[in-house]
Protein chains: 2
Amino acid sequence: MTLGPRPRALLGVLREANAELSGQELHERLKQASPRHGLATVYRNLRLLQRSGLVRCRKLPNGESVYAPLERDDHHLTCVGCGHSEPLPICPVGTGGLGLTKVLLQGFKPLFHTFEIHGLCRSCQQSEPLAHG
Amino acid sequence: MTLGPRPRALLGVLREANAELSGQELHERLKQASPRHGLATVYRNLRLLQRSGLVRCRKLPNGESVYAPLERDDHHLTCVGCGHSEPLPICPVGTGGLGLTKVLLQGFKPLFHTFEIHGLCRSCQQSEPLAHG
DNA sequence: CGTATGCTGAGAATGGTTCTCGTTCTAGCA
DNA sequence: TGCTAGAACGAGAACCATTCTCAGCATACG
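Now for a description of the structure that goes with this document. (Residues numbered from 1 in each chain as written. Chains lettered and ligands numbered in written order. Predicted model: local features only at pLDDT ≥ 70, side-chain atom pairs only at ≥ 80, totals over all residues. Heavy atoms only, no water.)

## Overview of the environment of Val80(B)
Part 1 of the argument: Looking at where Val80(B) falls in the secondary structure, it is placed in the loop between β4 (75–79) and β5 (85–88).
Part 2 of the argument: We classify Val80(B) as buried; its relative accessible area is 15%.
Part 3 of the argument: Residues within four places of Val80(B) in sequence aside, it is in contact with Gln50(A), Arg51(A), Leu111(A), Phe112(A), His118(B), Gly119(B) and Leu120(B). (Helix = DSSP H or I, 4+ residues; strand = E, 2+ residues; numbered from the N terminus. Buried < 20%, exposed > 50% of the residue type's maximum accessible area, 1.4 Å probe, protein only. Contact = heavy atoms within 4.5 Å.)

## A few points about the layout of surface pockets
Part 1 of the argument: Roughly 890 Å³ of volume is contained in the largest pocket.
Part 2 of the argument: Taken together, the residues of the lining of the largest pocket sort by class into 20 nonpolar, 14 polar and 10 charged. (1 Å grid on protein atoms, 1.4 Å probe; cavity = no way out; pocket = protein on both sides within 12 Å on 5 of 7 lines; lining within 4 Å. Points joined across faces, edges and corners; volume = space filled by probe spheres on them. Nonpolar A, V, L, I, M, F, W, Y, C, P; charged D, E, K, R; others polar.)

## Some thoughts on the protein's contact with DNA strand C
Part 1 of the argument: Close to DNA strand C lie 16 residues, the nearest being Tyr43(A), Ser65(A), Arg6(B), Thr41(B) and Arg44(B).
Part 2 of the argument: Across the atoms of DNA strand C situated within 4 Å of the protein, the share located in sugar and phosphate is 70%.
Part 3 of the argument: In this structure, a phosphate oxygen belonging to DNA strand C sits 3.3 Å away from a side-chain N or O atom of Arg47(A).
Part 4 of the argument: Within the side chain of Arg6(B), one N or O atom sits 2.8 Å away from a phosphate oxygen of DNA strand C.
Part 5 of the argument: Where the surface near DNA strand C is concerned, the elements lending two or more residues are α3 (39–51) of chain A together with α3 (39–51) of chain B.
Part 6 of the argument: Here the surface near DNA strand C is composed, by residue class, of 4 nonpolar, 7 polar and 5 charged. (Near = heavy atom within 4 Å. Polar contact = N/O pair within 3.5 Å; in protein donor to acceptor, adjacent residues only side chain to side chain.)

## Notes on the relation of the copies chain A and chain B
Part 1 of the argument: For the pair chain A and chain B, the best superposition has an RMSD of 0.0 Å and corresponds to a rotation of 180° with a translation of 0.0 Å parallel to the axis. Here the copies are linked by what is in effect a two-fold axis. Across chain A, the rotation axis passes nearest the C-alpha of Phe115(A), at a separation of 2.3 Å.
Part 2 of the argument: Both copies contact each other with a shared surface, as 100% of the interface residues of chain A are interface residues in chain B too. (Least-squares fit on C-alpha atoms with pLDDT ≥ 70 in both.)

## A word on the interface of chain A and chain B
Part 1 of the argument: Taken together, the 45 residues of chain A in the interface contact 45 residues of chain B.
Part 2 of the argument: Buried surface at the junction of chain A and chain B, both sides included, amounts to about 4,200 Å², of which 69% is carbon and sulfur.
Part 3 of the argument: Seen at the junction of chain A and chain B, the total is 0 salt bridges.
Part 4 of the argument: Connecting chain A to chain B are 14 residue pairs in polar contact (both at pLDDT 80 or more).
Part 5 of the argument: Listed by contribution, the elements that provide at least two residues to the side of chain A that touches chain B are α3, β4 (75–79), α4 (102–105), β6 (109–120) and α5 (122–127) of chain A.
Part 6 of the argument: For the side of chain A that touches chain B, the element with the highest residue contribution is β6(A), accounting for 12 residues.
Part 7 of the argument: Tallied by class, residues from the side of chain A that touches chain B come to 25 nonpolar, 14 polar and 6 charged. (Buried area = accessible area lost by both parts, 1.4 Å probe. Salt bridge = Lys/Arg side-chain N within 4 Å of Asp/Glu carboxyl O.)

## What about the sheet that holds β6(A)?
Part 1 of the argument: Read across the open sheet, the 6 strands follow the order β5(A)-β4(A)-β6(A)-β6(B)-β4(B)-β5(B); overall the sheet is mixed. For this open sheet the edge positions go to β5 (85–88) of chain A together with β5 of chain B, each flanked by a neighbour on one side alone. Direction aside, the axes of adjacent strands within the sheet are offset by 30° on average.
Part 2 of the argument: Bridge analysis of β4(B) against strand β6 (residues 109–120) of chain B gives 4 bridges, and the strand direction is parallel. Note on β6(B): the bridge partner recorded for Thr78(B) is His118(B). (Pairing = 2+ DSSP bridges. Axes fitted to C-alpha atoms, helices over the stretch in contact; angles between N-to-C directions.)

## A word on the nonpolar core
Inside soluble globular proteins, nonpolar side chains tend to come together where they are buried.
Part 1 of the argument: Formed by 30 residues in total, the largest nonpolar core has its most connected members in Phe108(A) and Phe108(B).
Part 2 of the argument: Within the residue set of this core, elements represented by two or more residues are β4 and β6 of chain A together with β4 and β6 of chain B.
Part 3 of the argument: Residues in contact with Phe108(A), not counting those within four places in the same chain, are Leu77(B), Thr78(B), Cys79(B), Ile117(B), His118(B), Gly119(B), Leu120(B), Cys121(B) and Gln125(B). (Core = buried A, V, L, I, M, F, W, Y, C linked by side-chain atoms within 4.5 Å.)

## Focus: the sheet that holds strand β3 (residues 65–69) of chain B
Residue and element names in this part refer to chain B.
Part 1 of the argument: Taken together, 3 strands build an open sheet; the order of strands is β1-β3-β2 and the sheet is antiparallel. For this open sheet the edge positions go to β1 (21–22) and β2 (55–59), each flanked by a neighbour on one side alone.
Part 2 of the argument: One ladder, built from 2 bridges, connects β1 with β3; its direction is antiparallel. Residue pairing for β3: serine 22 is matched across the bridge by valine 66.
Part 3 of the argument: Its contacts with the sheet place helix α1 (residues 5–16) against β1, β2 and β3, and it is angled at close to 85° to β3.

## Observations concerning the packing of helix α1 (residues 5–16) of chain A against α3(A)
All names here are of chain A.
Part 1 of the argument: With their axes 10 Å apart at the nearest point, α1 and α3 run at an angle of 80° to one another. The pairing of α1 with α3 is recorded here as roughly perpendicular in orientation. For the pair α1 and α3, contact is made by Arg6, Pro7, Leu10, Leu11 and Leu14 and by Thr41, Val42, Asn45, Leu46, Leu48 and Leu49, respectively.
Part 2 of the argument: Taken together, the residues of the contact of α1 with α3 sort by class into 8 nonpolar, 2 polar and 1 charged. (Parallel < 35°, antiparallel > 145°, perpendicular 65-115°, else oblique.)

Written out as structure tokens, the structure reads:
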């Protein structure tokens, strides 16, 4: 598989970054190197890299998608109140995967997984006396 | 915690449904019972129910959110090519949770989790000779 | 009865992402 | 070098699920 210059630059920015980046943020950074780099191209190449198994993606509560290199395996704690999301240093899946049987996958080729715990952060618990119980 | 009539109807529709429903679908169904039920109210009450620990939510690749009762614990296999998502009858988290330490949670109150395997479905593997390797 | 508070519906606004389409780049070839 | 076909690109418009705004209505309470 050969990557064109645009996708390669995109992947480079993602790998240098120490956090997940959104499409908009990636666009900002890529424009610094090539000012005419378009937003559509950013999203086009993000899809390409994702299908190629080089980039992973997840959606934040506010609707934007954030991207990271596939090899980074972070999971998250996300507040359903304020939408704040922070890394969670655990992974429920061993390195060898879940031992998914071929029966379960039925020809599906896994590339990456997302695991997220949703709940209420400390400050949203205080401001919202709704918590069930 | 007391639920008003609108949130209660919403939760009822979700519990009757045998699949996750989007905000738009919920609106459609709720209008059948009360034709003037507004879309804003659907989303308002979805947020309310989510914060109350009664409803869970996840985002599909096409950007819409789908909702289910908290007690339903399904996970998914989602194609990064076509966006198709189907239930996966496994859960990486035991009933007792992950044994998350208080140190990790730092006051965060977990309500539910999402687990999703992203990859390429059989037909997207065929149409896209991109697969890395 | 009068007022405060909260919930609601209708429609406008928002904003990340995708689409359109004319242009530009690249590869292959003579 | 000059030419052509096809792929990739950029700019801006379009899309659409969701959120916001705000006036109207219901309920509770004095």
